[in-house]
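A structural walkthrough
Read off the chains here:
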Amino acid sequence: MSLILDVIYWFVAACISLLTLIIIAREILKRWRLNYRLENNDESLLEDSSVKVEVLTSAPEGSVFVDSVPALLIEES
């Protein structure tokens, strides 16, 4: 009986470790892709629902941050 419990415990430990590694790898890949898209001025970021801007680094004085308002590309004529 002890051998069966040891196998189950090792299996659960391996699953938890694998799941942790998958989550970390996914986050690293997601951040790398975002940085790549930012470096290449990817305009599709404006419509991407998975990207949320939380920090404004540069804006005119008096600007305010409003949640859930999509950014619109203004075409220069």
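Residues numbered from 1 in each chain as written. Predicted model: local features only at pLDDT ≥ 70, side-chain atom pairs only at ≥ 80, totals over all residues. Heavy atoms only, no water.

Turning to unusual backbone geometry, a few remarks are in order. Both trends apply: most residues other than glycine have a negative phi, and most peptide bonds are in trans. For Asn41, which is not a glycine, the phi torsion comes out positive at approximately 50°. Note on placement: Asn41 falls in the segment after helix 1 (2-39). (Helix = DSSP H or I, 4+ residues; strand = E, 2+ residues; numbered from the N terminus.)

Turning to the pattern of salt bridges, a few remarks are in order. Inspection of every chain in the model, using the stated rule, returns three salt bridges. Ionic pairing is found between Asp42 and Arg37, a salt bridge with its closest N-O pair at 2.9 Å. What makes Asp42 partly exposed here is its relative accessible area of 29%. Between Arg37 and Asp48 there is a salt bridge, with the nearest N and O atoms lying 2.9 Å from each other. Here Asp48 lies in the segment after helix 1 and Arg37 lies in helix 1, a separation of eleven residues in the sequence. Residue classification places Asp48 among the partly exposed residues on the basis of a relative accessible area of 21%. (Salt bridge = Lys/Arg side-chain N within 4 Å of Asp/Glu carboxyl O. Buried < 20%, exposed > 50% of the residue type's maximum accessible area, 1.4 Å probe, protein only.)

It is worth spelling out a nonpolar patch on the surface at this point. Together, Met1, Ile4, Leu5, Ile8, Tyr9, Phe11, Val12 and Ile16 give the surface a local cluster of nonpolar side chains, amounting to about 870 Å² of exposed area. Mapped onto the secondary structure, Ile16 falls in helix 1. (Patch = residues over 30% accessible without salt bridge, like charges linked within 9 Å, V, L, I, M, F, W, Y side chains within 5 Å. Areas by Shrake-Rupley, 256 points an atom, 1.4 Å probe, with all protein chains shown as cover.)

On to the packing of aromatic side chains. Enumeration according to the criterion identifies one aromatic pair in this entry. Seen from their ring centres, Trp32 and Tyr36 are 5.7 Å apart, and the 20° between their planes marks the pair as stacked. Taken as a pair, Trp32 and Tyr36 lie in helix 1 at a separation of four residues, close to a single helical turn. Residue Tyr36 is classed as partly exposed on the basis of its relative accessible area of 47%. (Phe/Tyr/Trp six-rings, centres within 6.5 Å; stacked < 30°, edge-to-face > 60°.)

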